[in-house]
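# Examining the three-dimensional arrangement
One-letter residues, chain by chain:
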Amino acid sequence: MAAIYSLYIINKSGGLIFYKDCGTKGRMDTNDSLRVASLWHSMHAISQQLSPVNGCSGIELLQADTFDLHCFQSLPGTKFFVVCEPGTPHMESLLRYVYELYTDYVLKNPFYEIEMPIRCELFDINLTQAVQSDRVALLGR
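Residues numbered from 1 in each chain as written. Predicted model: local features only at pLDDT ≥ 70, side-chain atom pairs only at ≥ 80, totals over all residues. Heavy atoms only, no water.

Note the cut-off: UniProt positions are given in the numbering used here, feature names are shortened, and annotations may be inferred rather than shown by experiment.
Per an unreviewed UniProt entry, the protein chain goes by the name Trafficking protein particle complex subunit and belongs to Brassica cretica. Under the Sequence similarities (unreviewed entry) heading, UniProt states for the protein chain: "Belongs to the TRAPP small subunits family. TRAPPC4 subfamily." One UniProt comment on the protein chain, placed under Subunit (unreviewed entry), says "Part of the multisubunit transport protein particle (TRAPP) complex."

Below you can see the structure in the form of structure tokens.
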């Protein structure tokens, strides 16, 4: 199975509300993960404005030699993105599943405040299971 390096969730104003390291490659400290999230939010917003296509929702895939970055933006503006090994299949399905977990375990949590960092044990457990298991291949819905 191809490697998933890290997963980020950014609120609609560009603040990093969740970060998870999923592998040994590309480990970052807290400041670096904040910078990556802020940079991605800015690039995503600029790409929406500069796109020649009307109604463009921003960058969905960034491919580099050593990694791919897949992004999913929800209707309220929360961005979910994953950094993975080049050519990793079914990342769009994984991001949609992460969004389902987010709505089920984070947004329905009465103690969670919108736009604040995510501290929800059930979300973290289910997310870890989704990333570590072979579920990524099964999510090709």
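## Some thoughts on the environment of Thr 66
Our working definition: Comment: elements are numbered from the N terminus, with helices defined as DSSP H or I runs of at least four residues and strands as E runs of at least two. Relative accessibility thresholds used throughout: buried, under 20% of the residue-type maximum; exposed, over 50%; partly exposed, between the two (1.4 Å probe, protein chains only). Contact definition: two residues touch when any of their heavy atoms are within 4.5 Å.
As for its placement among the helices and strands, Thr 66 is situated in the loop between strand S3 (61-63) and strand S4 (68-73). Note on Thr 66: relative accessible area 57%, which makes it exposed. Each C-alpha atom, one on Thr 66 and one on Ile 17, is 25 Å from the other, the two residues being 49 residues apart in sequence. Residue contacts for Thr 66: discarding those within four places in its chain leaves Tyr 5 and Pro 86.

## Some points on the environment of Gly 14
Assignment of secondary structure puts Gly 14 in the loop between strand S1 (4-10) and strand S2 (16-21). Residue Gly 14 is classed as buried on the basis of its relative accessible area, which comes to 16%. In this structure, the C-alpha to C-alpha distance between Gly 14 and Leu 34, residues 20 residues apart in sequence, is 9.8 Å. If sequence neighbours within four positions are ignored, Gly 14 has contacts with Ser 38 and His 41.

## Some words on the pairing of S1
For the record, the criterion: A pair of strands counts as paired when DSSP detects no fewer than two bridges linking them.
Most of S1 sits out of view: 7 of its 7 residues are buried. Taken together, the 6 bridges between S1 and strand S5 (residues 79-84) define a ladder with antiparallel strand orientation. Along S5, the bridge assignment pairs Ile 10 with Lys 79. Sheet topology places S1 next to S2; 5 bridges connect them, and they run antiparallel. Bridge assignment links Ile 10 to a residue of S2, and that residue is Leu 16. In textbook terms, the turn of a hairpin is the stretch between consecutive antiparallel strands, and for S1 and S2 this stretch comprises 5 residues, one of which, Gly 14, has a positive phi near 100°.

## Section: the layout of surface pockets
Remark: the empty space left among the atoms is shown by a probe the size of a water molecule rolled over them. Put simply, the rule reads: Grid points spaced at 1 Å and placed over the protein atoms alone form the basis of the search, with a cavity being a set where a 1.4 Å probe fits but cannot get out and a pocket an open set showing protein on both sides within 12 Å along at least five of seven lines. Lining residues have an atom within 4 Å of a point. Grid points are joined across faces, edges and corners, and a volume is the space filled by probe spheres set on the points.
Reported here for the second largest pocket is a volume of approximately 210 Å³. Contributing to the lining of the second largest pocket are His 44, Ser 57, Ile 59, Glu 60, Leu 61, His 70, Cys 71, Phe 72, Gln 73, Glu 92, Leu 95 and Arg 96. For the lining of the second largest pocket, the elements supplying multiple residues, two or more each, are S4 and helix H2 (91-107). When residues of the lining of the second largest pocket are assigned to their parent elements, the largest contribution, 4 residues, is made by S4.

## Some details on a nonpolar patch on the surface
Put simply, the rule is: A patch consists of residues whose relative accessible area exceeds 30% and which take part in no salt bridge; residues with like charges are grouped when within 9 Å of each other, and nonpolar side chains (Val, Leu, Ile, Met, Phe, Trp, Tyr) when within 5 Å. Reported accessibility uses the Shrake-Rupley method at a 1.4 Å probe radius. Residues are deemed covered only where the shown protein chains occlude them. Within this document, salt bridges are pairs made up of a side-chain nitrogen of Lys or Arg and a carboxyl oxygen of Asp or Glu, the two lying within 4 Å of each other.
The grouping of Leu 39, Met 43 and Leu 62 at the surface amounts to a nonpolar patch, some 230 Å² of accessible area in total. Position of Met 43 among the secondary structure elements: in helix H1 (residues 30-50). We classify Met 43 as partly exposed; its relative accessible area is 31%.

## Notes on the environment of Arg 27
Counting through the fold element by element, Arg 27 comes out in the loop between S2 and H1. Between the alpha carbons of Arg 27 and Ser 6 there is a distance of 8.2 Å; along the sequence they are 21 residues apart.

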